[in-house]
Amino acid sequence: MDAQGRGRADDIDPADQWVLNPNTGEYELRLPPSGAQSGVPRPRRGTPSAATRTRSAPARDRAAPGRDREAPGRERGAPGPDVPGPRRRRAEPPEPVPGRRRGRTKAPKKSKAKKALLWTGGTMALVLVAVTGAAYAYLKHLEGNVQTEDVGGSAKDGFSKDEAFNILIIGTDKRTGAGNEGYGDKNSVGHADTNILLHVSKDRTNATALSIPRDLIVDIPECRSKQDDGTETVIKPSQSVRFNTSLGQEDRNPGCTMDTVKAVTGITVDHFMMADFNAVKTLTTAVGGVEVCLAKNVNDSDSHLKLSAGKHTIEGEQALAFVRTRHSFGNAGDLDRIKVQQQFIGSLMRKMSSSDTLTSPTKLYKLAEAATKALTVDTGIGKVSTLKDMALELKKVPTKNITFTTVPVKDNPAEKGYHATVVVDEPRAQPVFDAIKNDVSFTAVKQKEKKEKAAEAARLKGSRSAASDIRVDIYNGGAEAGSAQETLNWLQNDEGVLKSSQLGNADETLSKTTLEYSPDQADQARKLADLMGLSGSALKPGKSEKNSQGLPAIVLTLGKDFKGAGVPLTAATKAPDVEKSTADKTVCAK
């Protein structure tokens with residue numbers, strides 16, 4: 001029975017009947033208790049009516065001490081002669097004593113925070129997924145708005161709430177939609193014009209949004225594109241071409257762009273989300289405008305953006321002109337436009353998570369419509385319910401710990417004079433890629449850093465033995481074949497670790513190299529860690545083993561991260577120093 005059937009629709013907002021269950025993240029319909037409709041008092045607690053028993057049975061699932069939960073031969077939920085009356089739902093008002101008039105109790109007023117929860121499942125950490133968690137009752141309608149594309153094995157089949165994940169956000173330069181004729185290349189097939197690889201940490205304390213320049217020169221690997229009839233077309237690889245041609249060119253789909261990102265960075269992309277020019281216009285209009293800041297006056301003849309220095313609130317066409325402007329910022333190139341776009345996205349995220357948005361049903365409905373209509377995603381996250389789950393996970397990341405940065409690049413040395421393209425600056429870029437692969441935060445997550453540093457300091461601090469005193473057994477636990485023997489030769493011939501033995505393969509495969517030792521061998525372990533370039537996290541205090549002579553030996557197990565004898569194995573535990581910004585701060589475009 002709904003609110004109308006209970007005769008209470010006149011003073012109840014229907015939206016108030018949908019309540020967020022914090023245990024599941026889902027919205028549930030909870031109707032208020034019926035008002036008294038009869039002057040006849042209800043039965044006493046000790047003798048509940050059949051109707052009351054039926055209504056209250058689910059709330060009772062406890063057995064009395066020393067008694068089975070269900071007596072044999074008795075229907076589940078039916079009270080026995082010695083069982084007290086069923087407990088009533090919390091929503092039920094207390095039963096009045098017979099003969100006593102029921103007092104009128106004023107319902108507690110909902111706080112603004114609880115009111116907001118009735119309307120939204122949480123704010124997204126990135127623009128295109130910011131509002132798909134809004135209003136559970138609306139999901140089925142929104143389902144029809146989202147477009148999906150099957151990219152085969154380039155994307156995962158589903159979304160896991162318990163793992164770190166990487167999403168490639170693609171903004172195309174395709175001129176679809178009303179009013180977009182003046183932007184981009186009129187003949188464009190829809191290239192990857194704006195590209196952001198969003199990494200969300202496993203513990204949800206931080207996220208990194210890595211921008212990939214469209215004019216980055218890359219090698220695009222072979223990829224497969226599914227046709228409408230279900231067949232696959234193999235698209236040949238291309239060498240030394242712009243990154244933006246990984247989409248659209250030669251019928252390449254977003255899966256090809258995902259594969260190209262992995263080829264360039266070594267980072268596996270789990271899913272993609274793609275939108276065109278309309279996304280910026282509709283999303284900014286839905287929230288009532290986004291605040292931006294300019295360090296100087298801008299009058300750009302190409303994008304038609306005209307704004308004075310200072311802060312402005314922009315939306316629609318003006319917002320699109322802002323993110324498309326290139327020649328009026330910095331050195332008039334794509335890299336400086338990327339910075340402006342990152343600042344714009346951070347501002348939009350703050351607006352979406354503001355109380356002004358979360359407490360406005362009108363804005364939330366507009367956002368839900370705008371975001372889902374703007375999206376094309378892979379089939380693994382094509383359901384709005386899955387996007388909502390992703391939204392709830394992204395919502396856990398504080399905006400101050402969402403870092404925007406760009407792939408470190410340098411001018412393309414193949415170009416003489418004017419440089420129109422760039423290439424990856426390997427020495428500076430590799431630490432960035434490694435940090436993301438190792439789930440390392442680019443922001444100061446103080447608690448995590450403090451814990452890691454304390455552990456490393458405790459294990460690596462102390463005396464070191466002589467190399468000749470180290471007694472170690474070496475196992476291969478996932479490294480390339482022959483790595484244990486290679487390490488043995490290097491330790492004995494180059495480093496003077498003569499009491500070392502190679503004992504073949506370990507019992508299990510390890511992703512990381514480890515060094516196990518007993519407390520009295522800590523000085524040997526620290527010295528071997530110095531020689532191997534091991535971090536404190538690789539050292540495992542505990543037990544050693546006896547070698548072939550019956551003497552205690554520390555145990556070195558080479559994992560999949562082993563790169564070769566003499567090559568340091570220290571994993572990234574601190575993000576490299578790169579130019580970056582965070583989503584919680586406003587920066588004026590220069």
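What you see is a predicted model, and the numbers here were worked out from it, not measured in a lab. (Residues numbered from 1 in each chain as written. Predicted model: local features only at pLDDT ≥ 70, side-chain atom pairs only at ≥ 80, totals over all residues. Heavy atoms only, no water.)

## So, the confidence of the model for the protein chain
Parts of the prediction with low pLDDT should not have their coordinates interpreted in detail.
Phase 1 of the analysis: Of all residues in the protein chain, 69% attain a pLDDT of 70 or more, and the chain-wide mean is 77.
Phase 2 of the analysis: In the predicted structure, residues 1-10 sits below a pLDDT of 50 and forms 16 contacts with residues beyond four places in sequence or in another chain.
Phase 3 of the analysis: Confidence drops under pLDDT 50 across residues 34-137; counting only partners more than four residues distant or on other chains, this segment forms 139 contacts. (pLDDT = per-residue confidence, 0-100. Contact = heavy atoms within 4.5 Å.)

## What about the pairing of strand E12 (residues 290-294)?
Phase 1 of the analysis: Within E12, four of the five residues are buried, which leaves the element mostly enclosed by the surrounding structure.
Phase 2 of the analysis: Both E12 and strand E15 (residues 310-314) contribute to a ladder of five bridges, which runs antiparallel. Residue pairing across strands places Cys293 opposite Lys311, the latter belonging to E15. (Buried < 20%, exposed > 50% of the residue type's maximum accessible area, 1.4 Å probe, protein only. Helix = DSSP H or I, 4+ residues; strand = E, 2+ residues; numbered from the N terminus. Pairing = 2+ DSSP bridges.)

## With respect to the side chain of His191
Phase 1 of the analysis: Considering the arrangement of structural elements, one finds His191 in the loop between strand E4 (165-172) and strand E5 (192-200).
Phase 2 of the analysis: Separated by 2.8 Å, the side chains of His191 and Gln249 make a polar contact.
Phase 3 of the analysis: Non-local contacts of His191, meaning those with residues more than four positions away in its chain, are made with Gly171, Thr172, Asp173, Asn244, Thr245, Leu247 and Gln249. (Polar contact = N/O pair within 3.5 Å; in protein donor to acceptor, adjacent residues only side chain to side chain.)

## Overview of the state of the cysteines
Phase 1 of the analysis: Under the defined criterion, the tally for this structure stands at one disulfide.
Phase 2 of the analysis: Disulfide pairing places Cys223 opposite Cys256 at an S-S distance of 2.0 Å. Sign of the S-S torsion, about 85° for the bond between Cys223 and Cys256, identifies this disulfide as right-handed. Highlighted residues: Cys223 in strand E8 (residues 223-226) and Cys256 in helix H4 (residues 254-265), separated in sequence by 33 residues. The pair Cys223 / Cys256 is uniform in exposure class, with both members buried. (Disulfide = S-S within 2.5 Å.)

## Some points on unusual backbone geometry
Phase 1 of the analysis: Non-glycine residue Asp251 carries a positive phi angle of around 65°.
Phase 2 of the analysis: With respect to the secondary-structure elements, Asp251 resides in the loop between strand E10 (238-242) and H4.
Phase 3 of the analysis: Owing to a relative accessible area of 61%, Asp251 belongs among the exposed residues under this scheme.
Phase 4 of the analysis: In this model, His304 sits at a positive phi of 65°, which is unusual for a non-glycine residue.
Phase 5 of the analysis: Take His304: it is sitting in the loop between strand E13 (298-299) and strand E14 (306-307).
Phase 6 of the analysis: The exposed category is assigned to His304, whose relative accessible area is 64%.

## Concerning the packing of aromatic side chains
Phase 1 of the analysis: If you walk through the whole model with that rule in mind, you get three aromatic pairs.
Phase 2 of the analysis: When the ring of Phe322 is compared with that of Phe344, the centres are 6.1 Å apart and the planes differ by 35°; the resulting orientation is tilted. Separated by 22 residues along the polypeptide, Phe322 in helix H6 (residues 316-324) and Phe344 in helix H7 (residues 334-352) bring together distant segments of the chain.
Phase 3 of the analysis: With relative accessibility at 4%, the residue Phe344 sits in the buried group.
Phase 4 of the analysis: What links up through ring pairs into an aromatic cluster is the set Phe322, Phe329 and Phe344. (Phe/Tyr/Trp six-rings, centres within 6.5 Å; stacked < 30°, edge-to-face > 60°.)

## A word on the packing of helix H5 (residues 278-286) against H6
Phase 1 of the analysis: In the contact formed by H5 and H6, the axes pass within 8 Å of each other and the chain directions differ by 125°. What the angle tells us is that H5 and H6 run oblique. As for the relative orientation of H5 and H6, their crossing is right-handed in sense. For the pair H5 and H6, contact is made by Val280, Lys281, Thr284 and Thr285 and by Gly316, Glu317, Ala319, Leu320 and Val323, respectively.
Phase 2 of the analysis: Classifying every residue of the contact of H5 with H6 by side-chain character gives four nonpolar, three polar and two charged. (Axes fitted to C-alpha atoms, helices over the stretch in contact; angles between N-to-C directions. Parallel < 35°, antiparallel > 145°, perpendicular 65-115°, else oblique. Left-handed = near helix turned anticlockwise from the far one by under 90°. Nonpolar A, V, L, I, M, F, W, Y, C, P; charged D, E, K, R; others polar.)

## Focus: the pattern of salt bridges
Phase 1 of the analysis: Following the criterion strictly, the structure yields 19 salt bridges and no others.
Phase 2 of the analysis: A salt bridge links Asp334 to Arg214, with the shortest nitrogen-to-oxygen separation between them at 4.0 Å. Highlighted residues: Asp334 in helix H7 and Arg214 in the loop between strand E6 (207-211) and strand E7 (217-220), separated in sequence by 120 residues.
Phase 3 of the analysis: Note on Arg214: relative accessible area 14%, which makes it buried. (Salt bridge = Lys/Arg side-chain N within 4 Å of Asp/Glu carboxyl O.)

## With respect to the nonpolar core
Looking at soluble globular proteins, one finds that nonpolar side chains tend to be buried together.
Phase 1 of the analysis: Of all hydrophobic cores here, the largest spans 30 residues; its most connected members are Leu168, Leu210, Leu216, Met258, Val261, Val407 and Phe433.
Phase 2 of the analysis: For this core, the secondary structure elements donating two or more residues are E4, E5, E7, H4, strand E11 (271-275), strand E19 (422-424) and helix H11 (426-437).
Phase 3 of the analysis: The element that contributes the greatest number of residues to this core is H11, accounting for five residues.
Phase 4 of the analysis: Other than its neighbours up to four places away in sequence, Phe433 contacts Leu210, Val264, Thr265, Ile267, Val407 and Val424.
Phase 5 of the analysis: Residues Val472, Val497, Tyr517 and Ile554 belong to the second largest nonpolar core, which totals 26 residues. (Core = buried A, V, L, I, M, F, W, Y, C linked by side-chain atoms within 4.5 Å.)

## Some words on the side chain of Lys351
Phase 1 of the analysis: Within the secondary structure, Lys351 is located in helix H7.
Phase 2 of the analysis: Apart from the residues within four sequence positions on either side, Lys351 is in contact with Val287, Gly288, Gly289, Asp356, Thr357 and Lys363.

## A look at H7
Phase 1 of the analysis: If you check H7, its first and last C-alpha atoms are 27 Å apart, about what 19 residues at 1.5 Å a residue would give, namely 27 Å.
Phase 2 of the analysis: Most of H7 is tucked away: 16 of the 19 residues are buried. (Expected span 1.5 Å × (residues − 1).)

## Digging into the packing of H6 against H7
Phase 1 of the analysis: Between H6 and H7, the shortest axis-to-axis distance is 8 Å and the interhelical angle comes to 140°. It follows from the interaxial angle that H6 and H7 lie oblique. Taking contact as the criterion, the partners of Ala319, Phe322, Val323 and Arg324 in H6 are, on H7, Arg337, Val340, Gln341 and Phe344.
Phase 2 of the analysis: Broken down by class, the residue content of the contact of H6 with H7 amounts to five nonpolar, one polar and two charged.

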